[in-house]
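Survey of secondary and tertiary structure
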Amino acid sequence: VQLQASGGGLVQAGGSLRLSCAASGRTFSNYVMGWFRQAPGKEREFVAAIGRSGGMTDYADAVKGRFTISRDNAKNTVTLQMNSLKSEDTAVYYCAARLGVFTTTPVAYAYWGQGTLVTVSS
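Worth saying up front: this structure is predicted, and the values here are computed from it rather than measured.

Once that is clear, we can look at the side chain of T103. Mapped onto the secondary structure, T103 falls in the loop between β9 (91-98) and β10 (111-112). Within the local environment of T103, its side chain forms a polar contact with the backbone nitrogen of T105, the two atoms lying 3.3 Å apart.

What follows is the structure, given as C-alpha cells:
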C-alpha cells in the first residue's frame, strides 16, 4: 500500500489542523492505520491508531481529548483532526499502515507515508 499524507502547516497555539492520508494499491480496509510524529532531536512516537473497521481507536496520552482519528474505507483515507494545538505538537506527522492485529508500536507498521510538517507557534 502507498500512503500520501497532507494537511500540515503553520498554526497558532490553540488552533486546529486536519491531516489526511490517502492510501492506494491494496485493499485499504485490511489495514490498521496509525499516525505517528517525530519532533527534531526526538524519536518517532505514537499519536493515534484506528482499527480496520474504525471501531477501535487509541491515542497517546498527550493528545487525548484534543485529537480525533477517523477513516473512510470507501475513500481509502484516514484523517487526524487536531484541535487545541500546543507548541509541543510541533513535529513531522506520518501516517502508517499495517496488516495484522491492532497495535500502537511504530516498528510494527510496515508501510509509511512521507510525512507532513506541523508547526505550532506559541
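That covers the picture; the talk isn't over yet.
Evaluated as defined, the whole model comprises 1 disulfide. Between the sulfur of C21 and that of C95 lies a disulfide, 2.1 Å long from S to S. With the S-S bond torsion at 55°, the cross-link from C21 to C95 turns out right-handed. Of the two residues, C21 sits in strand β3 (residues 17-24) while C95 sits in strand β9, which places them 74 residues apart along the sequence. Across this residue pair, the class does not change: C21 and C95 are buried.

Procedures and definitions
- Just so you know, the residues in each chain are numbered from 1, in the order the chain's sequence is written.
- The model is predicted, so local features are restricted to residues of pLDDT at least 70 and side-chain atom pairs to those at 80 or more, both for listing and for counting; the totals for chains, interfaces and linings are taken over all residues.
- Only hydrogens and water are set aside when side-chain values are computed; all heavy atoms of the structure are taken into account.
- The secondary structure listing takes helices from DSSP runs of H or I that are at least 4 residues long and strands from runs of E that are at least 2 residues long, numbered from the N terminus.
- N or O atoms closer than or at 3.5 Å make up a polar contact, with two conditions inside protein: a donor-capable atom paired with an acceptor-capable one, and, for residues adjacent in sequence, both atoms drawn from side chains.
- Any two cysteine sulfur atoms within 2.5 Å of one another count as a disulfide.
- When a residue's accessible area, from a 1.4 Å probe over protein chains only, is under 20% of the maximum for its type it is buried; when over 50% it is exposed; and in between it is partly exposed.

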